[in-house]
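Residue-level listing of the chains:
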Amino acid sequence: VHLATAWQFDLRTWDESIYAHRVLAVVAEGSWLDQTASAEKGLWTAAHPPLLIWAMALSSLAFGLDELSLRLPSLLASLGICVLLYRLSGALGGARQLGWLALCVYLAVPYITDLTRRAQLDGGVLFFMTLSLYLFCTPLPGRAPPRRALASGVALGLGLLSKLAVAALV
């Protein structure tokens, strides 16, 4: 598969097409660890860690190389954020209405809903940031606080493998 002609569907010109090109390098060439050989000036792999590229590649291997399979990991991450926001508000002593309010506020922000439905890294990193906070702030059944901190650290590490600079904000 030639990298320049393989994409013939409606991806946004900038980020989505760059990440799709990296996914194609993984799927077509087996470049799981390093996609710089197919990157323009070798900048893409150095710019962003590979976890969400791998998720898009696995989705593409399972469902075929198309727009939906590239966007599926971001969509699933967004749904996961909704579940975590709802559960986090309840775990912190809030009423069920507070969980629904958190979901409404999250879904009412056009910037968030636009980015999390694209084949971009933002939805995934936001999911892992939210998961890290959720695991740190909520008690896990039968788990001592150090294990909660460890689980939160693992989620933070996954966030760092998704989009380094943004996940560090947690």
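Just above sits the structure.
Residues numbered from 1 in each chain as written. Predicted model: local features only at pLDDT ≥ 70, side-chain atom pairs only at ≥ 80, totals over all residues. Heavy atoms only, no water.

1. Some remarks on helix 8 (residues 145-160)
Item 1. Between its terminal C-alpha atoms helix 8 stretches 22 Å, which fits the 22 Å expected from 16 residues at 1.5 Å a residue.
Item 2. Within helix 8 the residues assigned to the buried category are Arg148, Ser152, Ala155 and Gly159. End-on view of helix 8: buried residues confined to an arc of 60°, all on one side of the axis. Away from its buried face by more than 90 degrees, helix 8 exposes Pro146, Arg147 and Leu150. (Helix = DSSP H or I, 4+ residues; strand = E, 2+ residues; numbered from the N terminus. Expected span 1.5 Å × (residues − 1). Buried < 20%, exposed > 50% of the residue type's maximum accessible area, 1.4 Å probe, protein only. Arc of directions from axis to C-beta.)

2. Thoughts on the packing of aromatic side chains
Item 1. In the structure shown here, the tally under the stated rule is two aromatic pairs.
Item 2. Each ring, one from phenylalanine 127 and one from phenylalanine 128, has its centre 5.2 Å from the other, and the planes form 65°; the classification is edge-to-face.
Item 3. Exposure remark for phenylalanine 128: the relative accessible area of 13% places this residue in the buried category. (Phe/Tyr/Trp six-rings, centres within 6.5 Å; stacked < 30°, edge-to-face > 60°.)

3. Comments concerning the nonpolar core
Item 1. Formed by 15 residues in total, the largest nonpolar core has its most connected members in Phe127 and Leu131.
Item 2. Going through the elements one at a time, helix 4 (67-91), helix 5 (96-108) and helix 7 (122-137) are the ones with two or more residues in this core.
Item 3. Broken down by element, the residue count for this core peaks at six residues, all from helix 4.
Item 4. Excluding anything up to four places from it in sequence, leucine 131 contacts Leu84 and Ala155.
Item 5. By size, the runner-up hydrophobic cluster in this structure holds twelve residues, among which are Val23, Ile53, Leu70 and Ala119. (Core = buried A, V, L, I, M, F, W, Y, C linked by side-chain atoms within 4.5 Å. Contact = heavy atoms within 4.5 Å.)

4. A word on helix 7
Item 1. Compared with an ideal rise of 1.5 Å per residue, which puts 16 residues at 22 Å, helix 7 spans 22 Å between its outermost C-alpha atoms and is within 8% of the ideal.
Item 2. All of the buried residues in helix 7 are Asp122, Gly123, Gly124, Val125, Phe127, Phe128, Met129, Thr130, Leu131, Ser132, Tyr134 and Leu135.

5. Observations concerning the packing of helix 7 against helix 8
Item 1. At a minimum axis distance of 8 Å, the contact between helix 7 and helix 8 shows a crossing angle of 170°. Between helix 7 and helix 8, the crossing angle belongs to the class labelled roughly antiparallel. Touching Val125, Phe128, Leu131, Ser132, Leu135 and Phe136 of helix 7 are Arg148, Ala149, Ala151, Ser152, Ala155, Leu156, Leu158 and Gly159, all from helix 8. (Axes fitted to C-alpha atoms, helices over the stretch in contact; angles between N-to-C directions. Parallel < 35°, antiparallel > 145°, perpendicular 65-115°, else oblique.)

None of the figures reported here should be taken as evidence of function without further support.
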